[in-house]
Protein chains: 2
Amino acid sequence: MTHARLTPLAQSLPASVPFVGPETQERARGGAFDARLGANENVFGASPNARAAMSEADAWMYGDPESHDLIAALAAHLRTDPAHIMVGEGIDGLLGYLVRLCVGEGDAVVTSDGAYPTFNYHVAGFGGVLHKVPYKGDHEDPMALFTKAAEVDAKLVYLANPDNPMGSWHEGDTIVRALDALPQGCLLVLDEAYIDCAPPGTAPDLPFDDPRLVRMRTFSKAYGLAGARVGYALGHPDLITAFHKVRNHFGMNRAAQAGALAALEDDAHLAHVLYQIDGARRRIAEIAIDNGLAPLPSAANFVAIDCGRDGTFAKAVLDGLIARGIFVRMPFAVPQNRCIRVSCGTPEDLDAFAAALPKALAEAATKA
Amino acid sequence: MTHARLTPLAQSLPASVPFVGPETQERARGGAFDARLGANENVFGASPNARAAMSEADAWMYGDPESHDLIAALAAHLRTDPAHIMVGEGIDGLLGYLVRLCVGEGDAVVTSDGAYPTFNYHVAGFGGVLHKVPYKGDHEDPMALFTKAAEVDAKLVYLANPDNPMGSWHEGDTIVRALDALPQGCLLVLDEAYIDCAPPGTAPDLPFDDPRLVRMRTFSKAYGLAGARVGYALGHPDLITAFHKVRNHFGMNRAAQAGALAALEDDAHLAHVLYQIDGARRRIAEIAIDNGLAPLPSAANFVAIDCGRDGTFAKAVLDGLIARGIFVRMPFAVPQNRCIRVSCGTPEDLDAFAAALPKALAEAATKA
């Protein structure tokens, strides 16, 4: 038996994985997927300038622990102060640091039932107590979230806008108005991973150092750098400084810093990718409709498709797609789990999806 | 004021940085260093195969959360079972996870006075209480460490072999014998970051799943991939599994996984680098002797040089080198801080060091 004596909290945690990766599934099924449409990655890829910058980076050197150049570029891009920005190892990494800073054993945290599982994983990992409110018409419900936060004296409340896994979104003004209900002493964690894919006005028109919230953004989605692990938090300088208390100071990959900087500066590539994402969203919606299903409106780089029945049926459809080499995922919670979630893909990816979906549906209908 | 309510522990932590990075120093001095000899990086660089693998990696995809292929290759390389291996974001990242798993507020941890500050940072960050034992003749002292661990009921005891910052080492058999004194319920964290640079027999001849210890190894040193952030832990399967409770499952950079795998398979490049490291160690020692200083024997990719007086004098020498564009570091604790620590460099790097050292020494002599 190992000499490691785990803390009582660590003993209580499952050795679980929030998501099973596509590579794990490929090893289990003994072959690669034909279309990788399950992880909301950006199949259209990063800027060639980003790829070149990563290739040229000196891998033998540690990355700059201050991510100085990337933060300076972000500050210029967003017209804000570098003191409002913290770069970290993806939003996942930053969420972990934030939860660690704020949440001790027994502390209350609020999220939506069916929202991002990795946030919940971090909260559980630090002993926090999750309170969940339901979605409302496939949207997260800011007023319900903030009201619940006041009720349970939450330290954090999580809201993704646009939302994952449903693709729904609120206008920024809706969030601004709802913030009046956010209690003092509760920080809004506004996950804006998909904000680049959303219509203008989706981000709340508030200064980035507004003390009530922290925004989380990433290079993993529109910028096509999921494999690089670069995210950033935008917030009040006191909060940004607090990350230094717990973060892995030398944790940033050097090439990733350079790649993100180059990606940020290639507006033309971003515009081209967003055009392709929009086309893919339309195509996914058409495929759904062609099969008698209802695509949900999306402001993200994926589309949730309502399969029209319950979660068991949607899971059967998903299994049928997986069996046919199409990697997709689905929401975990009722009633959102009547849907499957399909990431934007190339025309070839979506051709493969279009070919597999009718067969998966027919098979699911015989089972469910 | 930010709405973030930090935990009492987080409030108590300083927003400190264990090490100031060379880029920060370069920005402060307004110019690049001529020789980067302070971070124990590998200036000889990674295998060209590793560089090619990283360039070819698909940055738009998340990395495999299981690091399956890299772990399989490590298991084959080390002739052990994949269940004994956990890959993570460098040793720093893995140390953070390990401390989080084992150390709660008030728990005792033992290390040497002047050993790796980032380990101490993690222990403090989770509320652990550090107990330090002195070095003995510029070596960490395994028996003293394990005896202290028993005395204070430590959950973890840290030992680096070879040691950083002194470069000293113990034969593996010395550690094996000392382990008899390690109390049940205390895990030895054996940091083997520099093991590839050390003589045969430096690693203890124990199975990798020995329940008494966890070994930490890295691709940052001999393999030249510090910027990629890839380390691994070797230990008992129960401990390895526990990492899944708290780790950032999708935290590994995809290109870094591919680069580490390619580096691991390029034995010829590793041998060439180790030859260059050995030559650089000899050259650094010669430069020290030429200046009337005493180089310490080293089994790592750096050499500690005894400047012959106290820490104030050594700091003045270090400042003189920094001012002349030579980035080096020095131990923090008495009496090791009578030394400066010089990483292996190219012949040109060491020419620059050799040119700057006499001037830095002369200047320090007038000050101290």
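As the structure is a prediction and not an experimental result, all values here were calculated from the model.

Colleague: Whenever I open this one, the overall build of chain A confuses me. Can you help?
Modeller: Regarding its fold elements, chain A presents 13 helices and twelve strands. Against the compact-globule benchmark of 21 Å for 368 residues, chain A has a radius of gyration of 21 Å, which places it among compact chains. Dimensions of chain A along its principal axes, counting C-alpha atoms only, are 55 × 55 × 50 Å. The buried share among the 368 residues of chain A stands at 66%. Considering only contacts within chain A whose residues lie at least 6 apart along the sequence, 73% involve residues at least 24 apart. Accessible surface, chain A: about 12700 Å² in total, of which carbon and sulfur atoms supply 54%.

Colleague: Can you help me understand the UniProt feature "domain: Aminotransferase class I/classII large" (unreviewed entry) in chain A in this one?
Modeller: Summarizing the sequence annotation, UniProt attributes the feature "domain: Aminotransferase class I/classII large" (unreviewed entry) to residues 37-357 of chain A in the numbering used throughout. As annotated, residues 37-357 of chain A has a helix share of 39% and a strand share of 15%, and its two end C-alpha atoms lie 13 Å apart.

Colleague: Explain the sheet that holds strand β12 (residues 339-343) of chain A to me, please; I cannot follow it from the model alone.
Modeller: Strand pairing in a sheet is mediated by backbone hydrogen bonds. Such pairs are either parallel or antiparallel. All names here are of chain A. The antiparallel open sheet is built from three strands, whose spatial order is β9-β10-β12. Only two strands of the sheet have a single partner each, and these edge strands are β9 (294-295) and β12. Inspection of the sheet shows strand β10 (residues 302-306) paired to β12 by five bridges, in the antiparallel sense. Among the inter-strand pairings, F302 is bridged to a residue of β12, identified as S343. Contacts from helix α11 (residues 267-290) reach β9, β10 and β12 within the one sheet, and its direction differs from that of β10 by about 15 degrees.

Colleague: Explain the pattern of salt bridges here, please?
Modeller: A side chain with one charge can pair with a side chain of the opposite charge if their charged atoms come near. Residues and elements named next belong to chain A. Under the counting rule described, the total for this entry stands at 35 salt bridges over all chains. A salt bridge links D306 to R338, with the nearest nitrogen and oxygen atoms 2.8 Å apart. With a gap of 32 residues between them, D306 in strand β10 and R338 in the loop between β11 (326-327) and β12 connect regions that are remote in the sequence. You can call D306 buried: its relative accessible area is 16%. Overall, the relative accessible area of 17% leaves R338 in the buried class.

Colleague: Looking at this structure, I do not really get the interface of chain A and chain B. What am I missing?
Modeller: Contacts between chain A and chain B engage 89 residues on the former and 89 residues on the latter. Between chain A and chain B, the buried area comes to about 7300 Å², and carbon and sulfur atoms account for 53% of it. Ranking the residues of chain A by area buried against chain B places H3, R5 and W60 of chain A at the top, with a combined share of 13%. For R254 of chain A, the salt bridge is made with E23 of chain B, and the minimal N-O distance between the two is 2.9 Å. The interface formed by chain A and chain B contains 64 residue pairs in polar contact (both at pLDDT 80 or more). Those elements giving two or more residues to the side of chain A that touches chain B turn out to be α1 (8-12), α2 (22-29), α3 (48-56), α4 (68-78), α5 (90-102), α6 (117-125), α9 (237-242) and α10 (254-264) of chain A. Of all the elements, α5 of chain A adds the most residues to the side of chain A that touches chain B, at five residues.

Colleague: Would you mind going over the packing of α5 of chain A against α6 of chain A with me for this structure?
Modeller: Angle between the axes and distance between the axes are the two parameters that describe a pair of packed helices. Residue and element names in this part refer to chain A. Two elements in contact, α5 and α6, have axes whose closest approach is 9 Å; the angle formed by their N-to-C orientations is 30 degrees. The crossing of α5 and α6 is right-handed. Contacts from D92, L95, G96 and V99 in α5 reach T118, F119, H122 and V123 in α6. Residue classes in the contact of α5 with α6 are distributed as four nonpolar, three polar and one charged.

Colleague: Can you walk me through the side chain of E192 of chain B in this structure?
Modeller: Residue and element names in this part refer to chain B. Relative to the elements of secondary structure, E192 occurs in the loop between β6 (187-191) and β7 (213-218). At 2.7 Å, the side chain of E192 forms a polar contact with the side chain of R217. Setting aside its immediate chain neighbours within four residues, E192 contacts N161, A203, P204, R215, M216 and R217.

Colleague: In this structure, what is going on with the packing of aromatic side chains? I would like to understand it.
Modeller: One pair of aromatic rings is described through two measures. These are the centre distance and the angle between the planes. With the rule as written, the count across this model stands at 18 aromatic pairs over all chains. Consider the rings of F19 of chain A and F250 of chain B, whose centres lie 6.5 Å apart with planes at 70 degrees: the pair is edge-to-face. Of the two residues, F19 of chain A sits in the loop between α1 and α2 while F250 of chain B sits in the loop between α9 (237-242) and α10 (254-264), which places them in two different chains. Relative to Y232 of chain B, the ring of F219 of chain B lies with its centre 5.9 Å away and its plane at 50 degrees, an arrangement referred to as tilted. Of this pair, F219 of chain B sits in the loop between β7 and β8 (231-234) while Y232 of chain B sits in strand β8, and the two are 13 residues apart along the sequence. Counting every residue linked through ring pairs, the aromatic cluster contains F19, Y116 and F332 of chain A together with Y62 and F250 of chain B. The positively charged end of R100 of chain B is found above the aromatic ring belonging to F126 of chain A, 3.8 Å away from the centroid.

Colleague: It is not clear to me how the relation of the copies chain A and chain B should be interpreted in this structure. Could you clarify?
Modeller: Two chain copies, one operation linking them: a rotation about an axis together with a shift along it. When chain A is brought onto chain B, the operation consists of a screw motion whose angular component is 180 degrees and whose axial shift is 0.0 Å, with 0.0 Å RMSD remaining. This pairing of chains is accounted for by a two-fold axis. Taking C-alpha positions as reference, the residue of chain A nearest the rotation axis is S55 of chain A, located at 2.5 Å. A high fraction, 100%, of the interface residues of chain A reappear at the interface in chain B, so the copies pair face to face through one surface.

Colleague: So what exactly am I meant to see when it comes to the domain arrangement of chain A here?
Modeller: The parts lose accessible area when they come together, and the size of an interface is often stated as this lost area. Residue and element names in this part refer to chain A. Here chain A is described as being made up of domain 1 (17-44 + 268-367) and domain 2 (49-265). Relative to domain 2, the C-alpha centre of domain 1 lies at a distance of 25 Å. Taking both partners together, domain 1 and domain 2 bury about 2000 Å²; carbon and sulfur atoms supply 63% of that area. Linking domain 1 to domain 2 there are one salt bridge. Of the charged contacts in the structure, one is a salt bridge between D138 and R338, with a shortest N-O distance of 2.6 Å. Run the count over domain 1 and domain 2 and you get ten residue pairs in polar contact (both at pLDDT 80 or more). In terms of residue class, the side of domain 1 that touches domain 2 is made up of 17 nonpolar, five polar and four charged.

Colleague: Is there a simple way to think about the nonpolar core in this case?
Modeller: Soluble, globular proteins show a tendency: their nonpolar side chains are buried together. One finds F219 of chain A together with F219 of chain B to be the most contacted residues of the largest nonpolar core, which totals 236 residues. If we skip the residues at most four places from it in the chain, F219 of chain A touches L70, L74, G224, L225, A226, V230, Y232, A260, A263 and L264 of chain A.

Colleague: Looking at this model, I keep getting lost on the environment of V152 of chain B. Mind explaining?
Modeller: Residue and element names in this part refer to chain B. Tracing the backbone shows V152 in helix α7 (residues 142-152). The sequence separation of V152 and H122 amounts to 30 residues, and the corresponding C-alpha distance is 19 Å. Apart from residues no more than four positions distant in its own chain, V152 is found in contact with A108, V110 and H131.

Colleague: Got a minute to help me understand the packing of helix α12 (residues 311-323) of chain B against helix α13 (residues 347-367) of chain B in this structure?
Modeller: Residue and element names in this part refer to chain B. At their nearest, the axes of α12 and α13 sit 8 Å apart, and the two run at 135 degrees to each other. By the angle between their axes, α12 is oblique relative to α13. Once α12 is placed against α13, the crossing between them reads as right-handed. Two secondary-structure elements touch here, α12 through F313, A316, V317, G320 and L321 and α13 through F353, A356, L357, A360, L361, E363, A364 and A365.

About the criteria used
- Position numbers for residues count from 1 along each chain, tracking the sequence in the order it is written.
- As a convention, the first chain written is A and the first ligand written is 1, with the rest following in written order.
- Given that the model is predicted, a residue must reach a pLDDT of at least 70 before its local features are reported, and side-chain atom pairs must reach 80 or more before they are shown or counted; all residues, however, enter totals for whole chains, interfaces and linings.
- With hydrogens and water excluded, all non-hydrogen atoms of the structure serve as input to the side-chain values.
- In this text, helices come from DSSP runs of H or I with a minimum length of four residues, and strands from runs of E with a minimum of two, each type numbered from the N-terminal end.
- Atoms considered for the radius of gyration are the C-alpha atoms alone. The globule rule reads 2.2 Å times the number of residues to the power 0.38.
- For the exposure calls, accessible area comes from a 1.4 Å probe over protein chains only, and a residue counts as buried if that area is under 20% of its type's maximum, exposed if over 50%, partly exposed in between.
- Should any heavy atoms of two residues lie within 4.5 Å, those residues are counted as being in contact.
- The Shrake-Rupley method, run with a 1.4 Å probe, gives the accessible areas here. Residue values count only the displayed protein chains as cover.
- UniProt positions are given in the numbering used here, feature names are shortened, and annotations may be inferred rather than shown by experiment.
- In this description, strands pair whenever DSSP reports at least two bridges between them.
- Interaxial angles span 0 to 180 degrees and are taken between N-to-C directions of axes, which are lines fitted to C-alpha atoms, for helices over the stretch in contact.
- By salt bridge we mean one thing: a side-chain nitrogen of Lys or Arg within 4 Å of a carboxyl oxygen of Asp or Glu.
- Buried surface area refers to the total accessible area, computed with a probe of radius 1.4 Å, that the two partners give up upon joining, counted for both partners together.
- Pairs of N or O atoms are called polar contacts if they sit within 3.5 Å, as long as, within protein, a hydrogen donor faces a hydrogen acceptor (for residues adjacent in sequence, only side-chain-to-side-chain pairs).
- The hand of a helix crossing depends on one turn: near helix anticlockwise from the far one by less than a right angle means left-handed, and clockwise means right-handed.
- Under the scheme applied, nonpolar residues are Ala, Val, Leu, Ile, Met, Phe, Trp, Tyr, Cys and Pro; charged residues are Asp, Glu, Lys and Arg; polar residues are all the others, including Gly.
- Any pair of Phe, Tyr and Trp rings, taking the six-membered ring for Trp, is counted once the centres come within 6.5 Å. Such a pair is stacked with planes under 30 degrees apart, edge-to-face with planes over 60 apart, and tilted for the rest.
- The criterion for a charge sitting over a ring is simple: Lys NZ or Arg CZ within 6 Å of the ring centre, and within 35 degrees of the ring normal.
- Copies overlap after least-squares fitting; the atoms used are the C-alpha atoms of residues with pLDDT of at least 70 in both.
- Domain delimitation in this document rests on an assignment produced automatically or drawn from a domain database.
- What is meant by a nonpolar core is a set of buried Ala, Val, Leu, Ile, Met, Phe, Trp, Tyr and Cys residues, joined one to another through side-chain atoms within 4.5 Å.
- Roughly parallel means an angle under 35 degrees; roughly antiparallel means over 145; roughly perpendicular covers 65 to 115; every other angle is labelled oblique.

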